[in-house]
Amino acid sequence: MPRRHWANLTSASALAIMLSCAPVLAEGPPATDPTTGVPLPETPQLKLLDSEKPAAETRDRAMVTGTVASGARLRGAASVDATAPVEEEPVALDVPPVEMPALDPALIPASKPAEPTPAPAAPVQATPAQPAPEPVVPASATIQAAPGPLQAIQSLVPAPEMPKLVIDVPPGLEFAADIAAQAGEAVAVRRLGERERGEIIAAYQANENRPFWIDGKGWTAAGKRIVAQLEHAADDGLRPTDYALPVFELSDKAQLAAADVRLSALAVLYARDARGGRLDPRRLSKLITPTLYLPSATEVLSELAGAPDAGAVLAAYNPPHEQYRRLKAKLAELREHLDDTPLVRIPAGPTLKLGMRDERVPLVRARLGLGPSDDWGFDRSPSLALADFQTKAGLPANGILSPRTIAALGKPATAQGEEDIIAQMERWRWLPPDLGAKHIMVNVPEMRVRVIRDGQVIHEARAIIGKPDSATPIFSHKMDHVIVNPSWYVPPSILKKEFLPGLAADPDYAAKRGYIVTRTKHGISVRQPPGERNALGWIKFMFPNEHAVYLHDTPNRRLFAAAKRAFSHGCVRVDNPFALADQVLGPEWTSERLKKLIGKGERRINLPEPLPIHLVYNTIVVGADGHITRFDDVYGFHRLVRQALEQQG
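The structure contained in this document is the topic of the report that follows. (Residues numbered from 1 in each chain as written. Predicted model: local features only at pLDDT ≥ 70, side-chain atom pairs only at ≥ 80, totals over all residues. Heavy atoms only, no water.)

## Focus: unusual backbone geometry
So, step 1. Positive phi, normally seen in glycine, also occurs at Asn209, with a value near 60°.
So, step 2. Note that Asn209 resides in the loop between helix H5 (194–206) and strand S1 (214–215).
So, step 3. Taking the relative accessible area as the measure of exposure, Asn209 reaches 17% and is therefore buried.
So, step 4. If you check the backbone angles, Met447 has positive phi at about 60° while not being a glycine.
So, step 5. On the secondary structure map, Met447 appears in the loop between strand S3 (438–443) and strand S4 (448–453). (Helix = DSSP H or I, 4+ residues; strand = E, 2+ residues; numbered from the N terminus. Buried < 20%, exposed > 50% of the residue type's maximum accessible area, 1.4 Å probe, protein only.)

Here it is, written out as structure tokens:
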């Protein structure tokens, strides 16, 4: 047989075999692996493109089926010789067997014996297509749909036992939606700033809007302690109405959620008030400039939420100082005793001075406890009694019946005393919680300087303070150096009031008084060189600050003998300054060594470490025995604080 004829015949036979198998593969059940029972992948259908088919076959799309003999005539095979003898033997196709991957032993059922590895398959011969044999199913088996590959594996390998899944739902999540909805309104507490309100809402969001102080039964233990502290706010001179507690029904989740947020806001407000946030001291006077240590809302809530006793933590925001505790005890004592002073209403009228006569004088005497009298003369007795009342009321003690004094007389004595103590307690809130193990305390109204170590006074001296029109400022700072033989640079206030007018009238005004005038591009500078006539004396104690004030010596030491010593331009003059230097400079620099430097030029000496110094305004001081000592309100700062607190209420 010609070689070309043989090749054409072989190609046609192979094509016929593949076409005859297509219906069987498409219609029969999916073939499965005899070992594992896993369905084998389906054989893709063979499709011939029209461009590869003979023209005659393209016209006639009937499928070729049946047995293909070696001598069969294929449609479109024009090159086949029809007269050639037909050979009937089948054509053997050398198709290599498909290699299957090794079976995983874990997938073989334990009950099924291992089968020997089948021998390599013999060459496949083209035989007439036969239908696939029907699978033999045991009588007891249930016939189901053919499983997929995953189902077949699961039927052979039992699934492992899975542990039970326990979901722990955080407590309080049932309030999350209500807290998110109520937070904006519940946090709106009077005098609480927008920044603090935002921090409170952010704290809840960080906690997944779960409550801090409530559960399904009401306040938690921590919430109850906070509530108790707020209810006793008056004990610390705070106003309980500023912390009005929320009211709620246990059955109303929205009310519970709002109450939780409101309690957080009230706790933050209380903590800031306890640290001095009720008033802005700088608005009262530009000379009252303490550094307030106000906690943030985030700080307050984090400390309260993690504390074993949230009430004690909240109470600790009040000043820890001994003098504050004495004032608090005195306030409680005043409230325990009813005022037995008869409350007499004194009508308004003209200002009444010593020696004048007025029909209101008998009422004034009765109000001051001087006994009944029909005398209309305002003589020395009612005037002195009125001056004493004015001192206790924080008013100018001039013995004059003014409208302000009449208003003060209209209040019970107990109420007046409470307001004074509360105003003094408020000023203690302006100080740092930690004054320093060793520090300097300058009580301006008392006109005294003290060095305190571990709560004990180790040095004390008289002081001269600023005049009322050039008051000594109130603030805290740190002293860091001392200057011996200092020069004095005339401050701008004195330069403007005294030197500039004097220089305008006499160019030698400053030189005649021992001052040196230096002209700069910004104006002039007037300096007094070191010497015994220097306004600062021989030594000054420096703590650089915005007010440019400090402690220093003075050549006019006779002024320390006066009872009222408000003579300076704002700085604090110290009696016996070298004894104070002994306390601040340490043993290396004794007063004897410092005095040897006098007259040898300006010398700076740094302190071993910065020393806290506090210029305070304590008009009411309670002794260890409970006795109250009052000092004159020389600048009216006490009255400003008391009035501001009253107006706030």
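More follows now that the structure is in view.
## Quick look at the environment of Ile422
So, step 1. Within the secondary structure layout, Ile422 lies in helix H15 (residues 413–428).
So, step 2. The spatial distance from the C-alpha of Ile422 to the C-alpha of Ala234 is 9.8 Å, given a sequence separation of 188 residues.
So, step 3. The residues contacting Ile422, other than those within four sequence positions of it, are Gly237, Arg278, Leu331, Arg335 and Leu645. (Contact = heavy atoms within 4.5 Å.)

## Observations regarding the side chain of Glu196
So, step 1. The topology assignment puts Glu196 in helix H5.
So, step 2. At 3.5 Å, the side chain of Glu196 and the side chain of Arg272 are in polar contact.
So, step 3. Each residue touching Glu196, except ones within four places of it in the same chain, is listed here: Val268, Arg272 and Ala297. (Polar contact = N/O pair within 3.5 Å; in protein donor to acceptor, adjacent residues only side chain to side chain.)

## Observations concerning the nonpolar core
So, step 1. Judged by nonpolar contacts, the single largest core of 45 residues is most densely connected at Ile440, Phe499, Phe541, Leu551, Val584, Leu585 and Leu594.
So, step 2. Leu238, Ala259, Val261 and Leu269 belong to the second largest nonpolar core, which has 41 residues in total. (Core = buried A, V, L, I, M, F, W, Y, C linked by side-chain atoms within 4.5 Å.)

## Some words on the pairing of strand S9 (residues 523–528)
So, step 1. In the sheet, strand S7 (residues 488–489) pairs with S9 via 2 bridges, with the strands oriented antiparallel. What sits directly across from Tyr489, in S9, is Arg527.
So, step 2. Note: strand S8 (residues 516–520) against S9, 5 bridges, orientation antiparallel. Paired with Thr520 across the bridge in S9 is Gly523. (Pairing = 2+ DSSP bridges.)

## Side note on the packing of aromatic side chains
So, step 1. Going through the model one piece at a time under the given rule, you end up with 11 aromatic pairs.
So, step 2. Aromatic side chains Tyr243 and Tyr270 sit 5.5 Å apart centroid to centroid with 65° between the ring planes, which places their arrangement in the edge-to-face category. Taken together, the positions of Tyr243 in the loop between helix H6 (221–231) and helix H7 (253–277) and Tyr270 in helix H7 put the pair 27 residues apart, joining distant regions of the chain. Considered together, Tyr243 and Tyr270 belong to a single accessibility category, that of buried residues.
So, step 3. Aromatic rings pair up to connect Trp488, Phe499, Tyr509 and Tyr515 into one cluster.
So, step 4. A cation over an aromatic ring shows up here: Lys253 above the ring of Phe175, its NZ or CZ 6.0 Å from the ring centre.
So, step 5. The cationic tip of Lys540 hangs over the ring face of Tyr550; the distance from NZ or CZ to the ring centre is 5.0 Å. (Phe/Tyr/Trp six-rings, centres within 6.5 Å; stacked < 30°, edge-to-face > 60°. Lys NZ or Arg CZ within 6 Å of the ring centre and 35° of its normal.)

## Some thoughts on helix H18 (residues 577–585)
So, step 1. In terms of burial, H18 is a largely internal element, 7 of the 9 residues being buried.
So, step 2. Looking only at H18, the buried set comprises Pro577, Phe578, Ala579, Leu580, Ala581, Val584 and Leu585.
So, step 3. Just downstream of H18, Gly586 is the residue with a positive phi angle, here 90°.

## Thoughts on H7
So, step 1. For H7, the buried fraction is high: 20 of the 25 residues fall into the buried class.
So, step 2. Backbone nitrogen of Ala254 and a side-chain oxygen of the N-cap are separated by 3.0 Å at the start of H7; the cap is Asp252.

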